[in-house]
Amino acid sequence: MNEKDVLAQRFEEHRPHLRAVAYRMLGSLSEAEDAVQEAWLKLARSDADEVQNLGGWLTTVVGRVCLDMLRSRTTRREDPLHDEDGRIRVPDPIVSRADGLDPEQRILLADSVGTALMVVLETLSPAERLAFVLHDMFAVSFDEIASVLGRTAATTRQLASRARRRVQGAAPAPDADPARLRTVVEAFLSAARGGDFDALVAVLDPEVVARSDGGTLLPSVLRRGAAEVASQAITFARFAEAARPVLVNGVPGVVSLSARGELLSVMAFTVRDGRITALDVLTDPERLARIDLGVLDD
């Protein structure tokens, strides 16, 4: 085995961790893969013998690549629920079997990176997101993060603190009991299938927000409030009829499949105090096509 093969092997050992960093930074699995690949190219072009802590070096490199990718995106709107073109944006969901995550997904979703948290991360500035993700989620020092941002450690600490307050205010800890969450999701689906408006309102938080991301091919929908979301759920009862229980970002959710086994939608639920506070639905055919349904096989 030559030196390049050895280096590639060492890099592969860090790949799952790097994907986790990039996913939190970008909210996109495909862009995360691109960022990790760019880190490999930078490593291959560098003098790796001079790198004392390869894992730490790669983490900051991926952070810098992701920062550049975030900054290159078109100026974000004030409304964090929409992308630069005004479409509703639901972060890429990580779908797994209802009975548990596979080892790679477990690494990717460590620290309970639920859909609600990913939505809030989209509202942060690129610098805030980097400081928060690297420090609070991956314990990277402020000195190291400061070198990536080109700022002082004190300023970087302030960025992370500001981001932390926004995250804690907008994405308070959801219910964590899987059995209780599944009961709430099943109650929602049962009510939607039966067209039971009152039962739907009962399982929804009064201030619930429902986002449906249809991409460029289908209309996107934003609904607020229990009555409006319940009415929408009844309208789209066909998705509930075809629903199959899964985990979405590690918590109970559902996918809807066509009669031919094609993925129609992924639904992620955020539940607090036994009621649904957020419902995020991905119906974008282009992004759905990239989800590997093989992970759902027995």
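Check the entry above for the structure.
Criteria and thresholds
Position numbers for residues start from 1 in each chain and track the written sequence from start to end. Restriction of local features to residues with pLDDT of at least 70 applies here, the model being predicted, together with a cutoff of 80 or more for giving and counting side-chain atom pairs; totals for whole chains, interfaces and linings are based on all residues. With hydrogens and water stripped out, all remaining heavy atoms of the structure feed into the side-chain values. Salt bridge criterion: a side-chain nitrogen from Lys or Arg within 4 Å of a carboxyl oxygen from Asp or Glu. The helix and strand labels rest on DSSP assignments: H or I over at least four residues marks a helix, E over at least two residues marks a strand, and numbering proceeds from the N terminus. Categorising residues by exposure relies on relative accessible area from a 1.4 Å probe, with only protein chains included: less than 20% of the type maximum marks a residue as buried, more than 50% marks it as exposed, and the intermediate range marks it as partly exposed. Throughout, nonpolar core names a set of buried Ala, Val, Leu, Ile, Met, Phe, Trp, Tyr and Cys residues whose side chains join them through atoms within 4.5 Å. The contact criterion used throughout is that any non-hydrogen atoms of two residues lie within 4.5 Å. Being paired, for any two strands, means DSSP has found at least two bridges between them. To obtain each axis, a line is fitted to C-alpha atoms, and for helices this fit is confined to the stretch in contact; angles are then taken between N-to-C directions over 0 to 180 degrees. Two rings from Phe, Tyr or Trp (for Trp, the six-membered ring) form a pair when their centres are within 6.5 Å of each other. A pair whose planes differ by under 30 degrees is stacked, one over 60 is edge-to-face, and the rest are tilted.

Colleague: I'm lost on the pattern of salt bridges in this one. Help?
Modeller: Between side chains of opposite charge, a pair can form as their charged atoms come close. Scanning the model with the defined rule gives 14 salt bridges in all. Between Arg15 and Glu33 there is a salt bridge; the shortest N-O distance is 4.0 Å. A residue pair is termed long-range when its members are at least 10 positions apart, and Arg15 in helix α1 (residues 3–26) and Glu33 in helix α2 (residues 29–44) qualify at 18 residues. Residue class for Arg15 comes out buried when judged on its relative accessible area of 18%. Between Arg129 and Glu122 there is a salt bridge; the shortest N-O distance is 3.2 Å. The pair Arg129 / Glu122 is uniform in exposure class, with both members buried. Several salt bridges share partner residues, and in doing so they unite Glu12, Arg15, Arg19 and Glu33 into one network.

Colleague: Help me understand the nonpolar core, please; the structure alone is not making it clear to me.
Modeller: A general feature of soluble globular proteins is that nonpolar side chains tend to end up buried together. Grouped together as the largest cluster of nonpolar side chains are 48 residues, with contacts concentrated most on Phe11, Leu121, Leu130 and Ile145. Contributing elements (two or more residues each) for this core: α1, α2, α3 (54–72), α5 (115–121), α6 (126–137), α7 (142–149) and α8 (153–170). What Leu121 contacts, discounting residues up to four positions off in sequence, is Arg24, Arg129, Phe132, Val133, Met137 and Val167. In this structure, Leu181, Ala210, Ala233 and Met267 belong to the second largest nonpolar core, which totals 25 residues.

Colleague: Just checking my understanding: could you explain the sheet that holds strand β2 (residues 204–213) for this structure?
Modeller: Backbone-to-backbone hydrogen bonds join strands into a sheet, with any given pair of strands oriented parallel or antiparallel. Reading across from one edge, β1-β4-β5-β6-β7-β2-β3 is the order of the seven strands in this open sheet, with mixed pairing throughout. Of all strands in the sheet, those with a lone pairing partner are β1 (95–97) and β3 (221–224), marking the two edges. Each strand of the sheet is rotated relative to its neighbour by a mean of 30 degrees, with strand direction disregarded. With seven bridges connecting them, strand β6 (residues 263–272) and strand β7 (residues 275–282) associate as antiparallel partners. Across the sheet, Phe269 pairs through a bridge with Leu279, a residue of β7. Strand contacts of helix α9 (residues 178–194): β2, β4 (243–248), β5 (251–257), β6 and β7, with the helix running at about 35 degrees to β5, the strand carrying the most contacts. In the packing of helix α11 (residues 226–235) onto the sheet, contacts are made with β2 and β3, and the angle to β2 comes to roughly 45 degrees.

Colleague: Please explain the packing of aromatic side chains as it appears in this structure.
Modeller: How two aromatic rings sit relative to each other is given by the distance of their centres and the angle of their planes. Applying the stated rule across the entire model yields two aromatic pairs. Both rings, one in Phe11 and one in Trp40, keep their centres 5.4 Å apart while their planes meet at 50 degrees; by these two values the pair is tilted. Taken together, the residues Phe11 in helix α1 and Trp40 in helix α2 connect sequence positions 29 residues apart. The buried category is assigned to Trp40, whose relative accessible area is 14%. Judged by centre distance (5.4 Å) and plane angle (70 degrees), the rings of Phe188 and Phe269 are edge-to-face.

Colleague: It is not clear to me how the environment of His14 should be interpreted in this structure. Could you clarify?
Modeller: Looking at the secondary structure, you find His14 in helix α1. Owing to a relative accessible area of 22%, His14 belongs among the partly exposed residues under this scheme. Placed 42 residues apart in sequence, His14 and Gly56 show a C-alpha to C-alpha distance of 9.9 Å. Setting aside residues up to four positions removed in sequence, His14 forms contacts with Leu54, Gly55 and Leu58.

Colleague: I'm lost on the pairing of β5 in this one. Help?
Modeller: Regular strands have side chains that alternate between both faces of the sheet. Along β5, five of the seven residues are buried, which leaves the element largely enclosed by surrounding structure. When β4 meets β5, the two strands line up antiparallel, connected through six bridges. Considered in β5, the bridge of Val248 is made with Val251. Connecting β4 to the next strand, β5, in antiparallel fashion are two residues, including Asn249 with a positive phi near 55 degrees. Bridging between β5 and β6 involves five bridges; their strand directions are antiparallel. By the bridge assignment, Gly253 is partnered in β6 with Ala268. Once β5 ends, the chain turns through five residues before running back antiparallel as β6, passing Gly261 with a positive phi of about 85 degrees.

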